[in-house]
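Single-letter residue listing:
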Amino acid sequence: MLAEAGYKFKVIPSRIDEATLPAEGVSPVDYAKRLALAKANDVAQKHPNSLVIGADTVVDFDGKIVGKPADAKDAERITRMLFSRPHKVITGLALVCKSRELRQVEADTTVVYPRKLTDSQIAEHIASGVWRDKSGAYAIREKGDPFVDHIDGSLTNVMGLPMELLQRMLS
């Protein structure tokens, strides 16, 4: 998405272990922001003169954070839960530049209205493996998504990088 928008950048993965930042007692929005900032700070330590973007996406189902599935059984449980009624996708976004003492953190929230899935659709989804390493065990498609009826908010947020929010923060 950054390349399509004309940005020049390098991808430098952070070394943050998300398990070391517990979600208990923190709202889903604050948790997404905390993870995004931790990731941006980690990379900015080694690149203090660069503007670093950190992002993290979580799924909020009735106020509870739904993480990445541990295995296929967990992915099926999450899929059945999330696609029973609307849920929120929240992406925390952090901009950090150590040398300029810049630290900006915000979040974007999109409500996803799912389609009712059949048992065979769920089984096919689990068998495909596309749920791996995905918060909420799925990734939205730009068009013709079999899982999503409609959304209220940013599509790019659900895809993992809210471009509208990023452009506002950069300006």
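As shown above, the structure is provided for reference.
This one's a predicted model, so the numbers in the text were calculated from it and none came from an experiment. (Residues numbered from 1 in each chain as written. Predicted model: local features only at pLDDT ≥ 70, side-chain atom pairs only at ≥ 80, totals over all residues. Heavy atoms only, no water.)

S.K.: What's the story with the pairing of strand 4 (residues 102–114) in this structure? I'm lost.
M.R.: Bridging between strand 3 (residues 87–97) and strand 4 involves 11 bridges; their strand directions are antiparallel. Bridging across to strand 4, V89 finds its partner in T110. The turn joining strand 3 and strand 4, which pair antiparallel and follow one another in sequence, is formed by 4 residues; a positive phi near 55 degrees is taken by E101. Across 4 bridges, strand 4 lies against strand 5 (residues 148–152) in antiparallel orientation. (Pairing = 2+ DSSP bridges. Helix = DSSP H or I, 4+ residues; strand = E, 2+ residues; numbered from the N terminus.)

S.K.: Explain the environment of L117 here, please?
M.R.: Relative to the helices and strands, L117 resides in the loop between strand 4 and helix 3 (119–128). When its relative accessible area of 16% is taken as the criterion, L117 is described as buried. Sequence-wise, L117 and S84 are 33 residues apart; in three dimensions their C-alpha atoms are separated by 8.4 Å. Not counting the four nearest positions on each side in its chain, L117 is found in contact with T79, F83, I122, P146 and F147. (Buried < 20%, exposed > 50% of the residue type's maximum accessible area, 1.4 Å probe, protein only. Contact = heavy atoms within 4.5 Å.)

S.K.: Sorry, what's going on with the pattern of salt bridges here?
M.R.: Pairs can form between side chains of opposite charge once their charged atoms are near each other. One pass over the full model with this rule turns up 10 salt bridges. In this structure, the salt-bridge partner of D56 is K39, at a minimum N-O distance of 2.5 Å. You can see D56 sitting in strand 1 (residues 52–61) and its partner K39 sitting in helix 1 (residues 28–46), a full 17 residues away along the chain. As far as the burial class goes, D56 and K39 line up, both buried. As a salt-bridge pair, R77 and D74 come within 2.8 Å of each other at their nearest N and O atoms. Highlighted residues: R77 and D74, both in helix 2 (residues 72–82), separated by 3 residues, approximately one helical turn. Taking the relative accessible area as the measure of exposure, R77 reaches 49% and is therefore partly exposed. Take D74: its relative accessible area is 18%, and that puts it in the buried class. Salt bridges sharing partners connect three or more residues here, namely E18, K39, D56, K68 and D133. (Salt bridge = Lys/Arg side-chain N within 4 Å of Asp/Glu carboxyl O.)

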